[in-house]
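Here is how the chains run, residue by residue.
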Amino acid sequence: MDALLICGGEGTRLDSDAEKPLFPVGERPMIDRVADALADSAVETTYAVTSPQAPETAAHATEDLGLPAIETAGDGYVADLNAALADDAVDPPVLTVASDLPLLGGDAVDATLRAYRAARDSGDDGSMTVCVPAALKDLLGVSCDTEFDGLVPTGVNVVAGTEDSDTMYTTYDARLAVNVNRQRDAQIAEALL
């Protein structure tokens, strides 16, 4: 399975001069950490989904990390994801990963891929949303912008490209609970490294 590394955000909530994917956690840009996790997993090819709102990130992803890029308009996560999926470079199912997960590891990516295969093998051909319990985010002290029935999306998904319903995969892996959206989240990520 290929992966789309969503890295076109400005990071306005982060209140930093750096573009969000280039924001350093543990003295390394978050995008580098996520790209390393994807490289350490069973993912075949990782594509950087870039936008005009983050030109330095686009240059870094292609020139320094060597990732093929899919340029989008920068109209937001969902719009950019849909634009990337419409590109001929990728065919669903595809793993999508936000660039603000600096603690992500290849083993966590592989666990997600195994969960998706298990759901598909049991007859569910839809997409899969990876969630963590809101209580885990509360325990860690990290921000939470969206919650559904006690679960919070992590920024990791498998998009199947079908109209079938979504499968919810809940993980208790704290590395997937730390999305760096604010300065406090970055401080917590640094401490957990």
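Before any of the text, the structure's been laid out above.
Summary of the structure given here. Just so we're clear, the structure is a prediction, and the values are computed from it rather than from any experiment. (Residues numbered from 1 in each chain as written. Predicted model: local features only at pLDDT ≥ 70, side-chain atom pairs only at ≥ 80, totals over all residues. Heavy atoms only, no water.)

1. Let's talk about the pairing of strand E6 (residues 94-98)
With five of five residues buried, E6 lies mostly within the body of the structure. What you see with E6 is no split at all: Val 94, Thr 96 and Ala 98 on one side and Leu 95 and Val 97 on the other are buried throughout. As paired strands, strand E1 (residues 2-6) and E6 are joined by five bridges and run parallel to one another. Across the sheet, the residue bridging to Asp 2 is Val 94, located in E6. As paired elements, E6 and strand E8 (residues 151-159) share four bridges and run antiparallel to each other. Paired with Val 94 across the bridge in E8 is Val 159. (Buried < 20%, exposed > 50% of the residue type's maximum accessible area, 1.4 Å probe, protein only. Helix = DSSP H or I, 4+ residues; strand = E, 2+ residues; numbered from the N terminus. Pairing = 2+ DSSP bridges.)

2. What to know about the pattern of salt bridges
According to the stated counting rule, one finds five salt bridges in the structure shown. Here Asp 100 and Lys 20 are joined by a salt bridge, their closest N and O atoms 3.0 Å apart. Separated by 80 residues along the polypeptide, Asp 100 in the loop between E6 and helix H4 (106-121) and Lys 20 in the loop between E1 and strand E2 (24-25) bring together distant segments of the chain. Accessibility classification places Asp 100 together with Lys 20 in one group, the buried group. For Arg 28, the salt bridge goes to Asp 36, with nearest N and O atoms at 2.7 Å. Members of the salt-bridge network, linked through shared partners, are Asp 107, Asp 173 and Arg 175. (Salt bridge = Lys/Arg side-chain N within 4 Å of Asp/Glu carboxyl O.)

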